[in-house]
Amino acid sequence: MCLSALDRAGARTRVGGTMMPLPRVHPGAAAAAGPLVFLRASRKVALGEWVILRAPGQAPRRGQVVDAAEDMTVIQVLEETAGLAPTLTELTLTGEVPAVTVGRELLGRAFDGLGRPLDGLPDPVGDALAPLTGRAMNPSRRVSPYAFIETGLSAIDGLNTLVRGQKLPLFSGPGLPGLEIAAQIVEGARAPRGEPFAVIFVGLGITARERDAFVRRLEASGAMERTILYLNEARDPTIERLLAPRVALTAAEHLAFEHATHVLVVMADLTHYCEALREIGAAREEIPGRRGYPGYMYTDLAAILERAGVLAGREGSVTQIPVLTMPDDDITHPIPDLTGYIAEGQLVLSRELHRRGLFPPLDVLPSLSRLMNAGIGAGKTVPEHREWADQLYALYARGREARLMAAIVGEGGLHDADRRALGFAERFEKEFVAQGRDGRALAQTIESGWRLLESMPRDDLVRIREATWKARRAAAGATVRAGGRA
Amino acid sequence: MSRAGSVSEAAAAVATRGGELTSPRLVRVAGALATARPMPAAALYQLVHVGARRLLGEVVRVQGDTATIQVYEDTTGLWTGEPVTATGGPLRLELGPGLLGSVLDGVGRPLARIAEATGDFIAPGAVAPTLDPQRRWTFEPTIQVGATVSAGDVLGRVQESPGLEHRVLVPPDTRGVITRIEAGDFRVSDAVAHLEDGTALALSQRWPVRLARPAARRLPAETPFVTGQRVLDFLFPVAEGGSVAVPGGFGTGKTVIEQTLAKYAWADVIVFIGCGERGNEMAEVLTEFPQLRDPRTGRSLLDRTVLVVNTSNMPVAARESSVYVGMTIAEYYRDMGYRVALMADSLSRWAEALREVSARLQEMPGEEGYPTYLANRLASFYERAGRVQALGRPQRTGALTVIGAVSPPGGDFSEPVTQAALRVAGALWALDPELARQRHFPAVDWRLSYSLHADATEPWFREHGGEAWPEVRRGALELLEREAELREIAGLVGAEALQDPERLLLDVARDLREVVLAQSAFAPNDAFSTVTKTYLLAQLSMSTYQSAARALAAGISLDTLNLARVRRALVALKTAAPEEWDAGVAEARAAVGELTP
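All figures in this text were calculated on a predicted structure; none of them were measured in a lab.

Peer 1: Explain the domain arrangement of chain A here, please?
Peer 2: Frequently, the measure chosen for interface size is the accessible area that the parts lose on association. Residues and elements named next belong to chain A. Domain boundaries assigned for chain A yield domain 1 (21–95), domain 2 (100–375) and domain 3 (385–485). Here the C-alpha centre of domain 2 lies 31 Å away from the C-alpha centre of domain 1. The interface of domain 1 with domain 2 comprises twelve residues on the first partner and ten residues on the second. In this structure, the connection of domain 1 to domain 2 is made through one salt bridge. Looking at the side of domain 1 that touches domain 2, the elements with two or more residues in it are strand E5 (61–69) and strand E6 (72–77). At four residues, E5 tops the list of elements feeding residues into the side of domain 1 that touches domain 2. Across the side of domain 1 that touches domain 2, the residue classes break down as six nonpolar, two polar and four charged.

Next comes the structure, spelled out in structure tokens:
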């Protein structure tokens, strides 16, 4: 969507083939404030139209019409506006909505938040120019996601299973290794039957350090050639942040649905995105909602997150793992709150586990994968997955409750069952969740969980059905006997 | 380039100036709102076509000759100067056979037909009639020529789905003498009857969605709306024609409850409104429902369901209209004399859509930016629920039960939408994140929830569930209340410091919670609990408590009582297959009997 790409843009991006006006040039704007430029008395302006602003002696800037009106049109400028004199700036209304180059050729390359190359190579030619606002998938054409994705992390594969087409955000906190865990998932995730698979990473206001750490891991794992990077760093213009996820998802949808590729989109950090949204809302003097964030933040975030999914009759899929920082670890803050309402679950990091040096510090109690049931069970993971997970979860929850109680009354004051659960919780955190930096195959995850369960009396395992229990005992017995002979 | 630009600009200016004299044009487009001029005759809620692509919109404000329009479709790419055409009236929905099993967008267009027009991704401007205009239905008259008919009278019937007879009604504002009526195969718009004044009566009729459909009179609620969920039927029953608010933070299982009710609740017709929710969830419903069977009739669930879908990334204005579209369909089947349940998930998204449009209209905001009319609009929505005697003959009783999910920000129930819903709803099913975290589902908080329908439905439950239903229910509520107090104490002094009677209470309350109240929507034998099963499990738990308490009073120590056997029996009974049921009941009864000294 760089300028040259725009010049090439043909009728394809002219919305719906309606008679969208040809480019029009205005000699100057009426006013400017923050990232906004105001244009008076303009006719035939389209909402979302792409604008080029040329100020004498400065590089051209790009902008988008956010309020089209004959008396006063508002244009949101994507680049830094310092030094922009509105009356001296020539504005070209291009008659086109912003579009981005998409295609397989983008794999292995790095771009900025607007799709301009960062790797010194020329602009990609790509397969097509696609409008980046994206359209809503028709719900009647969606396929309910069902295909298990192995991430190599027990707390996810076992208890919060990820499936293709899901959007499962990571709720991190300041100083917690959210991005590191995302990197580990990306390294570990592959398509089970060797189908085309790609990763798109979108940096949203991330620091150079975070970017380096992430990219280095991707390179080390040899995953770069099936990866596209879109990097908007902390020092880059804020408004660019609002477009970067859309640019990336437009590329993702093309790979997924035109090239039958399973695409995993990792976005970090959604919190910076929301702050950019708040900034522009304030500049437009909108009535703020909770904590100053705009009232339409839910709709805006949904426009991004809902672009995950699987379509009937098409091979590929778009799966999203957005990473966000909960300000002050507060899960009720509008950003994690709205994300939680839109996404299909959440993976929550725990400061306490992190402080105790456990990695990954995933707290399974507030974590949830809403699509888990569709991705587990016989033929997908293991037949007993649901009850196994429920039982681990229930015992851990009870143990955590007992830990709180023990802090008040002492361990001696606990019920026997609570005391057992307390011990279980300790082992669960150390042995099951804190697996360290190495990936675990699903079989290992399941076995690790069973071993914890088997250390408890049968009566404590109310969620395990008798048939399951017997099958497990028989299988374990067989293993022991086989082991004895060997 | 600049020369070409100014030429086209001049041409555009001329075109627009010429247009201003005669026909209305867009003068502003911002978000979901568009402004058009001159429209001196525009009326509020009048339906308009916006732009060359004829996007659907509705007038929400008129000032002089300027009309502000909320647009139901994506406005990106609409430009100032595009034409606007007004239609005759407000947004009306076509009602007739063929609604069941359909999946509509927020303004009543079938999504499948939109997909035929615009592909896998929704593009604005698609024209898709609500009912299939070509399909023929076999109409069988039930009245004859010469009959005087008035609003709501049944003209005849159409077998809409294998289990549901569609009653063709005289539209609400019509009366006269039938001069012609015939049996045969008709399309929905074909006239099946004529009145003496020449009025043609078709299989379908249109109704403005924002207006409640009239009924002869409201009737008191007495039969329960059986949900098959123990915690709801047993503790917080709602009556047919009642209304419920279901607030819960994210991850508390709102959607699962709504979907479970849509699957298992006793109703003839279910209208499910996915309002601002997830696309994948709707896909799940669409995949699952055709395969699932209605527990009472054995028919496919989709045959009794109408889905209205506006996912969170679909246009926000259509989110506002989606709840009215769903409600109108529900009322239409109610008027035929059916028991209809409407689930809206979630009303918060609808309220946010109101807020978004209101903010763009620069109205003075009330609490948390919501418009001051939020509570009023929500109340008029909920009040469309009710058990009624329908208009017309033969006499019919219909019921419309409304279950509205609310998504309070941060799980905080003090926010405006939850509070506004609570003021009008007849029951509260409060979802608790702590229970959800313990994977206790449905995560209905038994201390916070309430139902104003409990007394009215008691006689029914006594008759169909069990003789002592109200007593067992009150006993259980009391036990749970005392458990909560005891747990607070135990949290301070340690469970070991409690006496036997208190420990017994904690044990039994735990059974009550884990066995009776918790229910897995995914367990084949437990997803739906009949009222008999609900009663039996609850009654067994409560008699465990009474028997064991008598034993303790007789000086027997708690540790010698075999409560584990009772527990095992109840757990087994809960998920017992039908053929294991009788043996399971016998074992549970024996285990409880063993406690008695």
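Having seen the model, we can carry on.
Peer 1: I would appreciate a short explanation of the sheet that holds strand E9 (residues 136–141) of chain B in the present structure.
Peer 2: Strand pairs in the sheet, formed through backbone hydrogen bonds, run parallel or antiparallel to each other. All names here are of chain B. Taken together, the four strands give an open sheet; going across it, the order is E12-E11-E9-E14, and neighbouring strands pair in antiparallel fashion. Two strands in the sheet have a free side with no partner beyond their single neighbour: strand E12 (164–169) and strand E14 (184–187). Between one strand axis and the next, the sheet turns through 40° on average, direction left out of account. Sheet analysis places E9 next to strand E11 (residues 154–161), joined by three bridges and oriented antiparallel. In the strand pairing of E11, Glu-140 is matched with Arg-157.

Peer 1: What's the story with helix H12 (residues 416–433) of chain A in this structure? I'm lost.
Peer 2: With 18 residues, H12(A) ought to run about 26 Å at 1.5 Å a step, and its terminal C-alpha atoms sit 25 Å apart, in line with that. As for H12(A), its buried residues are in contact with helix H2 (154–157), helix H9 (351–355), strand E19 (362–369), helix H11 (385–409) and helix H13 (442–454) of chain A.

Peer 1: Sorry, what's going on with the side chain of B:Glu356 here?
Peer 2: Along the polypeptide, B:Glu356 turns up in helix H7 (residues 347–360). No salt bridge forms around the buried B:Glu356; measuring N to O, its nearest opposite-charge neighbour B:Arg360 is 4.6 Å away. Here B:Glu356 is in contact with A:Tyr296, A:Thr299 and B:Val316, once residues within four sequence places are set aside.

Peer 1: How should the pattern of salt bridges be read in this particular structure?
Peer 2: Two side chains bearing opposite charge may form a pair once their charged atoms approach each other closely. All names here are of chain B. Throughout the structure, instances matching the rule amount to 81 salt bridges over all chains. In this structure, the salt-bridge partner of Glu-320 is Arg-210, at a minimum N-O distance of 3.0 Å. Taken as a pair, Glu-320 in helix H6 (residues 316–335) and Arg-210 in the loop between strand E17 (205–208) and strand E18 (217–219) lie far apart in primary sequence, 110 residues in all. Judged by its relative accessible area of 3%, Glu-320 falls in the buried class. Among the residues examined, Arg-210 registers a relative accessible area of 23% and is labelled partly exposed.

Peer 1: What is the right way to read the side chain of A:Arg246 from this model?
Peer 2: All names here are of chain A. With respect to the secondary-structure elements, Arg-246 resides in helix H5 (residues 240–258). The class for Arg-246 is buried, based on a relative accessible area of 13%. At 2.8 Å, the side chain of Arg-246 forms a polar contact with the side chain of Tyr-273. Not counting chain neighbours up to four residues away, the residues in contact with Arg-246 comprise Leu-132, Tyr-273, Asp-300, Ala-303, Ile-304 and Arg-307.

Peer 1: What exactly am I supposed to notice about the interface of chain B and chain A here?
Peer 2: Each partner contributes to the interface: chain B provides 87 residues, whereas chain A provides 88 residues. Counting each side, the surface lost to burial between chain B and chain A is near 7200 Å², with a carbon and sulfur contribution of 55%. When the buried area of chain B at its contact with chain A is split by residue, B:Trp79, B:Phe250 and B:Arg439 rank highest and sum to 12% of it. At the boundary of chain B and chain A, one finds five salt bridges. Among the salt bridges present, the one from A:Glu401 reaches B:Arg487, with a minimum N-O distance of 3.8 Å. Taken together, the connections running from chain B to chain A amount to 29 residue pairs in polar contact (both at pLDDT 80 or more). Considered class by class, the residues forming the side of chain B that touches chain A number 36 nonpolar, 26 polar and 25 charged.

Peer 1: Could you clarify how one ought to interpret the sheet that holds strand E13 (residues 170–172) of chain A in this entry?
Peer 2: Residues and elements named next belong to chain A. An order of E9-E15-E14-E16-E17-E13-E18-E19 is seen for the eight strands of this open sheet, with the pairing classed as mixed. This sheet does not close on itself; its edge strands, each paired only once, are strand E9 (110–112) and E19. Neighbour-to-neighbour, the strand axes of the sheet open up by a mean angle of 15°, direction not taken into account. In the sheet, strand E14 (residues 197–206) pairs with strand E16 (residues 262–268) via seven bridges, with the strands oriented parallel. Residue pairing for E16: Gly-203 is matched across the bridge by Ala-268.

Scoring rules and cut-offs
- Residues numbered from 1 in each chain as written.
- Chains lettered and ligands numbered in written order.
- Predicted model: local features only at pLDDT ≥ 70, side-chain atom pairs only at ≥ 80, totals over all residues.
- Heavy atoms only, no water.
- Domains from an automatic or database assignment.
- Contact = heavy atoms within 4.5 Å.
- Salt bridge = Lys/Arg side-chain N within 4 Å of Asp/Glu carboxyl O.
- Helix = DSSP H or I, 4+ residues; strand = E, 2+ residues; numbered from the N terminus.
- Nonpolar A, V, L, I, M, F, W, Y, C, P; charged D, E, K, R; others polar.
- Pairing = 2+ DSSP bridges.
- Axes fitted to C-alpha atoms, helices over the stretch in contact; angles between N-to-C directions.
- Expected span 1.5 Å × (residues − 1).
- Buried < 20%, exposed > 50% of the residue type's maximum accessible area, 1.4 Å probe, protein only.
- Lys, Arg positive; Asp, Glu negative; His and termini not counted.
- Polar contact = N/O pair within 3.5 Å; in protein donor to acceptor, adjacent residues only side chain to side chain.
- Buried area = accessible area lost by both parts, 1.4 Å probe.

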